[in-house]
Amino acid sequence: MRSEKEMMELILSVARKDERIRAVYMNGSRTNPNVKKDIFQDYDIVYVVKENRPFYEDERWIDRFGERLYMQCPEKMDKDRGQAVDLDQCFGWLMQFQDGNRLDLHVVPVEKANVMEDKLCVILLDKDHILPSIQPPTDEDYWIRKPSEPEFLACANEFWWCLNNVAKGLWREEIPYVHAMYTEGSHAQLLKMLNWKVGYENGFCLSTGKASKYLKDYLPEDLWGRFLKTYITGDIPQIWDAMFIMCDLFQETATELGGRLGYAYNIQEAEASYQYVKHVRTLPKDAKGCLLYTSPSPRDMRRS
């Protein structure tokens, strides 16, 4: 596997030798001082060029970066599918090389090179001094933001509301539907609430990364273990069990965080939703109705 030094020398050497390339900058995880380096980090590189068209019309020039296993050209794919994409404004090659390195390379014309938009940018080369001076890279644009009370309440409402879709999907044994409603609905809100908890405990001055990939680093081991049990398989009993673990975890986190933030958490709504899905789990397959005869108790969240 080529080293970081070798890759960076290659990236800059190509730029220096090609008169069409006027500047180079990098962003992403390799410029983030808070991200630990490892062998899977991409090289997120932008070449600032005179004109995009020559680069994407004759792509043989990218062969100099090494032997590729495969690659993707997102803008070209979008255009081929009929989307309104201007390849002359941005074009990229996402390349996975045989030696394990990955290069996400884009070309943009000089007038579209805005290094001020992303605070993780680092300027590597500027032949004509066309790029502005920028501050050292920081991931502050990606820090967890303190939720407003309406945002907090909307998260809780979405969590408890979406459970009814999961429950009816389980009763019908519609597993693809269940996965969509569970993952995109309630579980996404749990993840959001846990991020807000971590943000609060760290002064809202940190990021847990793309898709919360660093969340484990900020949760106690026992809490992380419980969170992992909220992920579901295709087994219906397992999904029911995971859902109730998810409910407990969300209830505890939202109650605690709501109190810390001074926000009014709707415990009655949570109780009603939980009682409903628990009732649906007991319904026989030949049920003619799903009326909930017992009223939700506001006293606690006892599970059975």
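Quick caveat, the model's predicted, so the values are computed rather than measured. (Residues numbered from 1 in each chain as written. Predicted model: local features only at pLDDT ≥ 70, side-chain atom pairs only at ≥ 80, totals over all residues. Heavy atoms only, no water.)

Caption draft 1: Molecular detail of the pairing of strand β5 (residues 102-109). Burial analysis of β5 places 7 of its 8 residues in the buried class, the great majority of the element. Note: strand β2 (residues 43-49) against β5, 7 bridges, orientation parallel. When the sheet's bridge partners are listed, aspartate 44 is paired in β5 with aspartate 104. Bridge count between strand β4 (residues 91-97) and β5: 6 bridges; the pairing is antiparallel. Paired with glycine 92 across the strands is histidine 106, a residue of β5. Joining the antiparallel neighbours β4 and β5 is a turn of 4 residues, in which glycine 100 adopts a positive phi near 105°. (Buried < 20%, exposed > 50% of the residue type's maximum accessible area, 1.4 Å probe, protein only. Helix = DSSP H or I, 4+ residues; strand = E, 2+ residues; numbered from the N terminus. Pairing = 2+ DSSP bridges.)

Caption draft 2: View of the sheet that holds strand β3 (residues 68-72). Overall, mixed pairing links the 6 strands, which are arranged β3-β4-β5-β2-β1-β6 in an open sheet. The two strands at the open ends of the sheet, each matched to only one other strand, are β3 and β6 (122-126). Each neighbouring strand pair of the sheet contributes to a mean axis angle of 20°, computed without reference to strand direction. Bridge count for β3 against β4 is 4 bridges, and the pairing is antiparallel. Within β4, the position partnered with tyrosine 70 by the bridge is glutamine 96. Across the sheet, helix α1 (residues 4-17) lies against β1 (21-27), β2, β4, β5 and β6, angled at about 10° from β2, the strand it touches most. (Axes fitted to C-alpha atoms, helices over the stretch in contact; angles between N-to-C directions. Contact = heavy atoms within 4.5 Å.)

These values are about where atoms sit, not about what they do.
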